[in-house]
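Overview (structure and organization)
If you want the building blocks of each chain, they are given just below.
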Amino acid sequence: MDIFYYLGLAASGFGAGLIGALLGLGGGVFIVPALVLIFHLPTIVAVGASNVASVATSTTGASTYVRQRLSNIRLGLLLLISTTLAATASSLVAKYLPNQLLSGLFGVMLLYTAITMLRGRRQPGGAKANEGAVTLTAQPAPEHSNGLGLEGRYHDPSSGESEDYSPRHVPAGMGVSVLAGVVAGLLGVGGGIVQVPVMNLLMNVPLKVAAATSSYMIGFTSTGAAFVRYSNGDVDPLVAVPIVLFVIIGARVGAWLAPRTPNDRLRRIFGWVAIAVSALMLAQAVGLYKR
């Protein structure tokens, strides 16, 4: 280990924090492949560092998003019921499960999600019709989503307009959130890579609100998994500490940029990032690198 090794860890942490906070991903989608493919660390050690870094990214980014009133805290807490339980349970059995099949299914699903995000269209009616969310139906929100206090309003600095939104398909969103928890626990990639499309595409939540809410949720999801990893001896402080320090800096920059980035550009960034992560997951599935 030398100065260039730690500079590489620092650069990886900064980039992961920046993109992780900007898109609500947690940063683990970059840290795990970087540590395995570039630094040649065991994947279980990479996942442990990723879990700790995801907590740091979430804590830093979420504090900014809450002050900006971008995060929908009620919606996040509701989805956390299924996500956190799944993340903690899956992290307990991560060492004993073959990962190739899960990685392959996740890669295919993520590729479909990325293409959908890249082809996402605006709702009729212009910017005030929930810009940033992909319309699944023109019908009113289902009755079971009413009365939960999940509706919100946020101001978009990039467009200078305020938007009202009401989450739809809440039970389905909670069900799919289990997958985000499983991904977070097994792969150490936070879960935001699943959670953001679920909120945006399925629940009709504006993309910036979805990313901010996901950033808020990841801290809870990854904390349980991080404790499990630490108790199992999978967290190497010499790797995790420099990454976390620069993740915090990158996350602050990402959280500052997110509200100022147009929704369409943010969606394109998310789509291409998802394609890159999908390629890495499929590479792992076919054995190009192993856990």
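Described in the following lines is the structure provided in the data block. Numbers given for residues are sequential positions, taken from 1 along each chain in its written order. It should be noted that, the model being predicted, local features are given only for residues of pLDDT at least 70 and side-chain atom pairs only at 80 or more, the latter also being counted only at that level, while totals for whole chains, interfaces and linings use all residues. As a rule here, side-chain values come from all non-hydrogen atoms in the structure, and water together with hydrogens is ignored.

**A short note on the packing of aromatic side chains**
What counts is decided by this rule: Only Phe, Tyr and Trp rings are paired, with Trp represented by its six-membered ring, and only when their centres lie within 6.5 Å; those with planes under 30 degrees apart are stacked, over 60 edge-to-face, the remainder tilted. Burial here depends on accessible area, computed with a 1.4 Å probe over protein chains only, as a share of the maximum for the residue type. Under 20% is buried, over 50% is exposed, and the range in between is partly exposed. The helix and strand labels rest on DSSP assignments: H or I over at least four residues marks a helix, E over at least two residues marks a strand, and numbering proceeds from the N terminus.
Applying the stated rule across the entire model yields two aromatic pairs. Here Tyr5 and Tyr6 contribute two aromatic rings whose centre-to-centre distance is 5.4 Å and whose plane-to-plane angle is 90 degrees, an arrangement assigned as edge-to-face. Among the residues examined, Tyr6 registers a relative accessible area of 28% and is labelled partly exposed. Taking the centre distance of 5.5 Å and the plane angle of 85 degrees together, the rings of Tyr5 and Phe39 count as edge-to-face. With Tyr5 in helix α1 (residues 3-23) and Phe39 in the loop between α2 (28-38) and α3 (43-67), this pair connects stretches of sequence that are 34 residues apart.

**Examining α1**
The following threshold applies: Multiplying 1.5 Å by the helix residue count minus one yields the expected span of that helix. Contacts described as polar in this section are N or O atom pairs within 3.5 Å, which, within protein, must combine one atom able to donate a hydrogen with one able to accept it, while residues neighboring in sequence count only if both atoms come from side chains.
Across its 21 residues, α1 extends 30 Å between first and last C-alpha, which sits within 8% of the 30 Å expected from 1.5 Å per residue. All buried positions along α1 are accounted for by Tyr5, Leu9, Ala10, Gly13, Ala16, Gly17, Leu18, Gly20, Ala21, Leu22 and Leu23. The backbone nitrogen of Phe4 has a side-chain oxygen 3.2 Å away, supplied by the residue at the start of α1, namely Asp2. Of the residues one or two after α1, Gly24 is the one with positive phi, at around 75 degrees.

**So, the pattern of salt bridges**
Selection rule: Salt bridges are defined by distance alone: a side-chain nitrogen of Lys or Arg within 4 Å of a carboxyl oxygen of Asp or Glu.
Per the stated rule, a full pass over the model turns up two salt bridges. Of the charged contacts in the structure, one is a salt bridge between Asp164 and Arg153, with a shortest N-O distance of 2.9 Å. Of the two residues, Asp164 sits in strand β2 (residues 161-165) while Arg153 sits in strand β1 (residues 152-156), which places them 11 residues apart along the sequence. Look at Asp164 and you get partly exposed, because its relative accessible area is 46%.

As far as function goes, none of this settles anything; it's purely spatial.
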